[in-house]
Amino acid sequence: MTDTATPGPTSQADQVIGRTTSESTPWWPEPVLPAAGTPNVVVVLLDDTGFAHLGCYGGLVDTPNYDRLAARGLRYTNFHTTALCSPTRACLLTGRNHHSVGMRALSNFDTGYPNMRGRIARSAGTMAEMLREDGFATWAVGKWHLTPMREASAVGPFGDWPLQRGFDRYYGFMQGETDQFHPELYEDNRLVDQPRTPEEGYHVTEDLVDHAIDLVRTQHTMVPERPFFLYLAFGATHAPHQAPDDYLQKWRGRFDEGWDVARQRVYENQLAMGVIPPGTDLAPRNPGVEAWDDLSSDEQALACRLQEAFAAMLDHTDAQLGRLLDELDALGIADDTIVVALSDNGASQEGRATGILDTFRHFNGVDQPVDEAVARLDEIGTRTSNTNYPWGWAQVGNSPGKRYKQNTHSGGVRDPLIISWPAGIDPAANGQVRTQFHHVVDLAPTLLDLVGSAAPATINGIEQQPIEGTSLAYTFDPQADDASAVPSRKGRQYFEMQGHRGIWADGWKAVAFHRFGTSLDDDVWELYHLDEDFSECHDLADEQPDRLAAMVEMFWEEADRYGVLPIMDGGGNLSGAAGGGLFSGHATAGTPRNRDAFVYMPPTPRVPPDAGPALGSRNWEAAVHVDRPTGTEAGVLFAFGTVNNGLVAYVDDDGHLVYDHNAYADHTVVRSPEPVPAGASVLTVQQQRVKRGPGRARLLVDGAVVTEVLIPVVPVMISPIGLDLGRNPTGVSGAYEAPYAFAGRIDRVEIATERAFRPDEEDAIELAAAERMQ
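These figures come from a predicted structure and were not determined experimentally.

Participant: I'd like to hear about the state of the cysteines, residue by residue, with values.
Facilitator: Disulfides are covalent bonds that link the sulfur atoms of two cysteine residues. Counted according to the given criterion, the structure contains zero disulfides. Of all cysteine sulfurs in the structure, the one in C85 sits closest to C91, which takes part in no disulfide; the separation is 12 Å.

Participant: Which residues make up the sheet that holds strand 21 (residues 635-641), and what are the values?
Facilitator: The strand order across the open sheet formed by five strands is 24-23-22-21-28, and the pairing between neighbours is antiparallel. The open sheet has two free edges, formed respectively by strand 24 (666-671) and strand 28 (723-725), since each of these has just one partner strand. When the angles between neighbouring strand axes are averaged without regard to direction, this sheet yields 10°. Examined bridge by bridge, strand 21 and strand 22 (residues 646-651) share six bridges and lie antiparallel to one another.

Participant: Residue-level account of the pairing of strand 18 (residues 525-529), with values.
Facilitator: For strand 18, the buried fraction is high: five of the five residues fall into the buried class. Both strand 17 (residues 508-512) and strand 18 contribute to a ladder of five bridges, which runs antiparallel. Bridging from a neighbouring strand, A510 pairs with L527 of strand 18.

Participant: An account of the pattern of salt bridges is requested, with residue identities and associated values reported.
Facilitator: This structure, assessed with the given rule, holds 49 salt bridges. The shortest N-O distance in the salt bridge between R606 and E184 comes to 3.9 Å. Of this pair, R606 sits in the loop between strand 19 (597-600) and strand 20 (619-628) while E184 sits in the loop between strand 5 (169-173) and strand 6 (185-187), placing them 422 residues apart in sequence. As far as the burial class goes, R606 and E184 line up, both buried. Measuring nitrogen to oxygen at the nearest pair gives 2.6 Å for the salt bridge that ties D523 to R501.

Participant: Please set out unusual backbone geometry residue by residue, giving values where relevant.
Facilitator: In this structure, the amide linkage connecting S399 to the following residue, P400, adopts the cis form with an omega of 5°. With respect to the element layout, P400 can be found in the loop between helix 10 (391-397) and helix 11 (410-413). Geometrically, the link from P602 to P603 is a cis peptide bond, its omega value of 5° lying close to zero. When you line up the elements, P603 lands in the loop between strand 19 and strand 20. With a phi angle near 90°, A83 is a residue other than glycine that sits in the positive phi range. Mapped onto the secondary structure, A83 falls in the loop between strand 3 (79-80) and helix 2 (85-94). Judged by its relative accessible area of 0%, A83 falls in the buried class.

Participant: Tell me about helix 13 (residues 545-561), and please be specific about residues and values.
Facilitator: When the terminal C-alpha atoms of helix 13 are compared, their 24 Å separation across 17 residues agrees well with the 24 Å that a helix rising 1.5 Å per residue should span. Buried within helix 13 we find L548, M551, V552, M554, F555, E558 and A559. Looking straight down helix 13, one finds its buried side chains confined to an arc of 155°; they lie on one side. Along helix 13, exposed side chains directed more than 90 degrees from the buried face belong to D546, D560 and R561. Looking at the buried residues of helix 13, the elements they touch are strand 15 (492-497), strand 16 (500-505), strand 17 and strand 18.

Participant: Account for helix 1 (residues 64-71), naming residues and giving values.
Facilitator: Those residues of helix 1 that sit buried are N65, Y66, L69 and A70. With its buried residues spanning 150° around the axis, helix 1 presents them on a single face. Packed against the buried residues of helix 1 are strand 1 (40-46), strand 2 (73-76), helix 7 (297-330), strand 9 (337-343) and strand 10 (417-420).

Participant: Give a description of the packing of aromatic side chains that names residues and reports values.
Facilitator: Per the counting criterion, the structure on display carries 26 aromatic pairs. Between W139 and F228 the ring centres are 5.0 Å apart and the planes differ by 20°, which places this aromatic pair in the stacked class. Residue W139 is located in strand 4 (residues 137-143), and its partner F228 is located in strand 8 (residues 228-233); the two are separated by 89 residues in the primary sequence. Taken as a pair, W139 and F228 share a single burial class, namely buried.

The rules behind the values
Residues numbered from 1 in each chain as written. Predicted model: local features only at pLDDT ≥ 70, side-chain atom pairs only at ≥ 80, totals over all residues. Heavy atoms only, no water. Disulfide = S-S within 2.5 Å. Pairing = 2+ DSSP bridges. Helix = DSSP H or I, 4+ residues; strand = E, 2+ residues; numbered from the N terminus. Axes fitted to C-alpha atoms, helices over the stretch in contact; angles between N-to-C directions. Buried < 20%, exposed > 50% of the residue type's maximum accessible area, 1.4 Å probe, protein only. Salt bridge = Lys/Arg side-chain N within 4 Å of Asp/Glu carboxyl O. Expected span 1.5 Å × (residues − 1). Arc of directions from axis to C-beta. Contact = heavy atoms within 4.5 Å. Phe/Tyr/Trp six-rings, centres within 6.5 Å; stacked < 30°, edge-to-face > 60°.

So this is what it looks like as structure tokens:
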């Protein structure tokens with residue numbers, strides 16, 4: 001049977017509505033679809049991957065799939081980001097500067113000022129919102145980190161989740177980082193369990209690409225005439241650096257020569273490839289980076305193993321990208337798909353000087369004891385580690401520049417950008433390098449330009465801010481290989497991140513490094529002629545004070561224009577701190593962090609860290625009302641975090657109440673002397689702490705204290721993985737087999753927190769800690 005179209009009027013004005021259909025003329029509105037031949041768009045975003053990490057940018061890690069994109073497209077070597085993840089994502093998706101849209105820093109923050117609300121302003125629509133209105137299918141897969149995390153629980157509010165910001169489908173994680181083997185996953189508007197265990201071969205990067213491929217294949221099968229916009233944001237290579245065992249083994253011993261030799265090799269590769277100009281100097285080691293030969297053998301062994309884990313993770317991620325590219329090829333749509341691959345900022349300094357086995361050591365301001373780490377070398381990169389590499393290896397990834405992520409020097413803001421579009425880029429340009437200055441804010445207008453869409457004046461009735469970026473589509477011309485013949489169309493670009501500042505214009509850059517807690521007036525501005533000094537090695541501030549003064553004034557003009565003010569100077573008036581610290585965000589009414597009392601009635605979805613009780617920074621009590629009819633029922637009562645850092649309370653197989661406080665894999669365990677009585681009972685854990693110091697845990701059964709223990713270290717920030725009730729899929733303790741679901745019934749869990757610390761309790765805890773140390 002063949003469908004035949006019924007001829008009809010071409011406009012609604014010609015439609016006739018009579019008393020009967022015989023007396024009427026139908027009319028059908030045309031579906032909203034882009035013009036035939038409109039390309040698909042795939043944006044692939046890496047996390048904390050430096051300018052020099054990819055093989056096609058001189059890096060030492062195998063990245064054949066990024067390299068194949070570069071071979072059939074363009075590499076940009078003068079491309080810049082904001083120096084941090086959430087701000088770069090906000091620029092990328094909106095085409096506006098991050099301060100303009102309320103994302104000065106991480107979405108965990110709300111400082112009480114318009115430039116830092118932890119959400120993208122409604123007046124700054126995302127590419128997904130724009131393209132969906134033009135008929136595109138829109139999907140986000142991977143890291144989001146554009147929602148205030150206090151609003152990321154199972155009950156929202158959902159206004160800043162991906163589906164409410166223009167995406168038809170979402171699968172990934174909302175937080176700034178996640179455990180690669182035990183991620184906190186969301187699908188559309190709900191939290192979901194991971195589909196397999198690590199023992200069954202699970203890794204989140206593979207899971208993300210599985211979902212991306214499924215979305216692409218289903219769309220192409222069902223409605224091939226509808227193009228798609230896929231935003232694939234990997235968790236890699238943000239810490240924790242974790243990878244499958246075969247990838248870890250592949251990189252054993254590959255970095256034993258150390259970071260000085262490696263950085264020189266990368267620099268030479270870059271010169272040979274033409275990704276840095278001839279005559280570029282290699283920047284000196286960053287402050288705090290020791291000469292490799294001056295490290296102890298233990299420090300070298302630890303640093304090498306941490307770099308191997310990073311390399312394994314990047315290698316593994318590249319392989320997953322390859323699976324997606326292969327699928328585009330197999331479906332016959334690769335030529336008609338624009339692929340944009342970039343990183344959100346430079347390589348990270350969050351591994352500190354010697355590297356760390358748990359990323360939350362950095363966030364708690366705690367260094368990694370090298371001897372402890374060396375005793376666990378074989379765990380690095382596996383699910384029982386949560387690692388980040390030391391500064392020396394991070395600077396290798398930012399070669400040939402200086403400094404890191406968070407800084408506005410080149411190490412923080414110059415990043416790789418690859419654009420491939422076989423049907424739209426002249427084959428004569430394939431493999432070429434582009435040196436025109438551009439910024440991540442320029443990508444949205446570029447993609448809108450390429451697919452024939454325009455930024456709307458209003459979205460959902462809200463007047464939209466002007467697009468602030470500049471399309472770089474002109475660089476697709478093969479003649480743009482010569483930047484002197486086809487100069488950058490970018491006029492100027494400011495940078496600001498946590499007080500670090502910069503301004504670029506006409507090939508010159510002024511930049512200031514800011515020390516937290518000091519006055520902005522104490523910062524020293526530097527001046528570089530980037531057209532001749534790619535790596536920012538020759539400060540011309542003293543030689544050209546007038547030019548520097550003009551550029552600093554230009555920075556303040558741009559800061560006023562784009563809502564940069566006020567700039568964080570560490571001097572106070574950051575209202576997020578009133579809500580329990582900047583990472584907690586402002587204690588907004590109607591969100592969990594505005595309360596001190598919580599009552600959960602399982603079964604309950606996982607509670608993300610920022611949306612639940614602060615079990616690290618406050619004193620707390622958790623009373624679990626259980627029923628164990630036979631007295632043999634065992635299992636987890638509540639758990640927070642992972643095997644690397646967390647806490648768990650459970651009834652063991654012998655019927656005893658157990659509390660395990662896991663601080664960076666150092667377990668403090670306390671167990672009730674007697675089994676818990678059969679039947680209904682209230683099992684309680686109390687934890688008190690000294691600010692940034694030790695703590696004490698007590699176990700109570702039906703209101704009576706049965707035992708207590710001193711906890712040597714209580715981390716303020718525990719984990720990106722939140723609170724589970726009645727089970728523990730992440731396995732905080734090795735004393736049971738996860739998830740160790742509670743076999744009895746949990747009626748409710750009551751958790752009370754105290755914002756104030758009790759001097760008498762603190763004194764007792766400190767005294768007990770001192771006695772223990774003697």
